[in-house]
Amino acid sequence: MTTRPLIIDTDPGQDDAIAILVALGSPEFDLLGITTVAGNVPLSLTSRNARIVCELADRRDVPVYAGCSRPMVRTLVTAEEVHGQTGLDGPDLPEPTMPLRPEHAVDWLVDTLLAADDASITLCPIGPLTNVAMAIVKEPSIVTKLREIVLMGGGFFEGGNVTPAAEFNIHVDPHAAHVVFTSGVPLTMIPLDATHSALMTNEWIERVRALGTPVGVAASEMLDFFERFDMDRYGTAGGPLHDPCTIAYLIRPELFETRNCHVDIEIGSDLTMGMTVVDWWGTTGKPANCIVARRIDPDGLYDFIHDRLAAL
Ligand code: BDR
Ligand code: CA
C-alpha cells in the first residue's frame, strides 16, 4: 500500500487526542509529524498532551514540534470548561518522557513542505490555524506542496459554539483562518454543521471501553469527560466528536455530504468576528475555495473510529 504523508496540527484536547489515535491506527497514513498550537489549553499543555497521546499508542517515534503560543493578532482564549484544566482530563495518564523536537513547528512545517514534491502532503489542522497561517506568511510557496488541507472548524447553519457566530478554532485566531482561506490551497472544512449531525452514543463509548486495551480504556475515559459539556449545552443524549472527522473524511469521504463553496472569514466586525461565511447557494458569484461538509453518516463514522482505535 502506498501511504499518504500526513501532518496533524493540533491543540489536544480529548477530541484531538482521538483524532491522533485514529490516524496512528490507520495504515493509509505516514504521520510525518505533529505540530502543536495554543488553543483548548496553553501551548505547554497542548505540547505535553500530544506526547502523552503518542506514548499511549506506543509511538514515541512520531516527532512533536511546539508552535505558536498565541494567536496572530488577538489575545489567546482557551477552553478549560470543555476540556478540563489539563486539556486531557478524564483518564489518569503518565507524564510524557519523549522530548519535544527542538525546531519550532512553523519552521519545521516550512522546511518539510519546501523539501516535498508538489501537491504531496496532506495537512489536518484541528485547532486554531495560527501555525499554518504563520508558515504560509513566512513562505507562501509552501502552498503548492500541499495536496490538501482538511480542517475542523467553522459553522454556518448551526452557528458558533463560542459566540453565536463563531466556532472555537476560528474564533481563537480568525486572522490566521483568513490567511488560510485566501491562500489558494485545496481546502476542506468540517464545521459544526457536520460534526453535530453525528453524535456519540453511550453504547458506542462502551464498545470503545470494551476493547480493553490501554488505548480503548483511556479513549473511553476521555470521551466520558469530553461529551458532558455539549450534552449539557444542547440537551442531547450524546456529544459530537469533532476532530476525528477530519481523519475519517480522508479515508471514508463517502460518509460525508459536501458542497464546493466560497467561504469568507469575518475579521472586520466585533459582533460576528470569526464567522465562516459560507456561500452555500452561490449568491456572490465568487469562485469556490472550500469543500464544506454538511452532514455525516453517524454509524459509518463511529464504526470507522472504533475500528481504527481497535488497531492500536
Ligand atoms: C473544536 O474546538 C475544540 O474545543 C475542539 O478540540 C475542536 O477542535 C470544536 O469547536
Ligand atoms: Ca481541537
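Criteria and thresholds
Residues numbered from 1 in each chain as written. Chains lettered and ligands numbered in written order. Predicted model: local features only at pLDDT ≥ 70, side-chain atom pairs only at ≥ 80, totals over all residues. Heavy atoms only, no water. Salt bridge = Lys/Arg side-chain N within 4 Å of Asp/Glu carboxyl O. Helix = DSSP H or I, 4+ residues; strand = E, 2+ residues; numbered from the N terminus. Buried < 20%, exposed > 50% of the residue type's maximum accessible area, 1.4 Å probe, protein only. 1 Å grid on protein atoms, 1.4 Å probe; cavity = no way out; pocket = protein on both sides within 12 Å on 5 of 7 lines; lining within 4 Å. Points joined across faces, edges and corners; volume = space filled by probe spheres on them. Nonpolar A, V, L, I, M, F, W, Y, C, P; charged D, E, K, R; others polar. Contact = heavy atoms within 4.5 Å. Phe/Tyr/Trp six-rings, centres within 6.5 Å; stacked < 30°, edge-to-face > 60°. Lys NZ or Arg CZ within 6 Å of the ring centre and 35° of its normal. Pairing = 2+ DSSP bridges. Axes fitted to C-alpha atoms, helices over the stretch in contact; angles between N-to-C directions. Donors = N, O, S within 2.8 Å, 3.2 Å for Na, K, Ca; no water.

Caption draft 1: Just the pattern of salt bridges, in detail. Under the counting rule described, the total for this entry stands at 14 salt bridges. A salt bridge links Arg-209 to Asp-224, with the nearest nitrogen and oxygen atoms 3.1 Å apart. Taken together, the residues Arg-209 in helix α9 (residues 202-209) and Asp-224 in helix α10 (residues 214-234) connect sequence positions 15 residues apart. Relative accessible area serves as the criterion here: at 25%, Arg-209 is assigned to the partly exposed category. Here Arg-295 and Glu-257 are joined by a salt bridge, their closest N and O atoms 3.1 Å apart. Residue Arg-295 is found in strand β10 (residues 290-296), and its partner Glu-257 is found in strand β7 (residues 256-261); the two are separated by 38 residues along the sequence. The partly exposed category is assigned to Glu-257, whose relative accessible area is 44%. One salt-bridge network, in which partners are shared between bridges, spans Glu-55, Asp-58 and Arg-60.

Caption draft 2: Examining empty space enclosed by the protein more closely. Inspection of the entire model under this criterion finds one cavity of 30 Å³ or more. In this model, the largest cavity occupies a volume close to 30 Å³. Broken down by secondary-structure element, the contributors of at least two residues to the lining of the largest cavity are α4 (105-114) and α5 (130-138). The element that contributes the greatest number of residues to the lining of the largest cavity is α5, accounting for three residues. Among the residues forming the lining of the largest cavity, the class breakdown is eight nonpolar, no polar and no charged.

Caption draft 3: Broad picture of unusual backbone geometry. Residues Pro-12 and Gly-13 are joined by a peptide bond in cis, for which omega reads 0°. Following the sequence through the fold, Gly-13 ends up in the loop between β1 (4-10) and α1 (14-24). Its identity is not glycine, yet Asp-58 carries a phi of approximately 60°, on the positive side. Turning to its location among the elements, Asp-58 is positioned in the loop between α2 (43-56) and β3 (64-66).

Caption draft 4: Molecular detail of the side chain of His-175. Structurally, His-175 is set in helix α7 (residues 174-181). With relative accessibility at 18%, the residue His-175 sits in the buried group. With near-sequence residues (within four places) excluded, His-175 lies in contact with Met-72, Val-73, Arg-74 and Ile-267.

Caption draft 5: Examining the packing of aromatic side chains more closely. Overall, the coordinates contain five aromatic pairs when judged by the stated rule. With a centroid separation of 5.2 Å and 80° between ring planes, the pair formed by Phe-156 and Phe-157 is classed as edge-to-face. Ring geometry for Tyr-249 and Phe-256: centres 5.3 Å apart, planes at 90°, overall edge-to-face. Given the relative accessible area of 11%, Tyr-249 is considered buried. With a relative accessible area of 7%, Phe-256 lands in the buried category. Put simply, the rings of Phe-156, Phe-157 and Trp-280 touch in pairs and so form one group of aromatic residues. Taking the ring centre of Phe-157 as reference, the NZ or CZ of Arg-294 above it sits at 3.7 Å.

Caption draft 6: Region of interest: the sheet that holds β1. One open sheet holds the eight strands; their spatial order is β3-β2-β1-β4-β5-β6-β10-β7, and the pairing between them is mixed. Strand pairing shows two members of the sheet lacking a second neighbour, β3 and β7, which therefore form its edges. Pairwise comparison of adjacent strand axes, ignoring direction, gives a mean angle of 20° for this sheet. Contacting β5 (146-152), β6 (187-190) and β10, α7 runs over the sheet at an angle of about 140° to β6.

Caption draft 7: Looking closely at the coordination of the calcium ion (ligand 2). In this structure, Asp-11 (OD), Asp-16 (OD), Asp-16 (OD), Ile-126 (O) and Asp-243 (OD) serve as the protein donors to the calcium ion (ligand 2), at separations of 2.2 to 2.6 Å. Here the donor residues of the calcium ion (ligand 2) share one chain and are spaced in sequence as D-x4-D-x109-I-x116-D. Taken together, the positions of Ile-126 in the loop between β4 (121-125) and α5 and Asp-243 in the loop between α10 and α11 (244-251) put the pair 117 residues apart, joining distant regions of the chain. For the residue pair Ile-126 and Asp-243, the accessibility class agrees, reading buried in each case.

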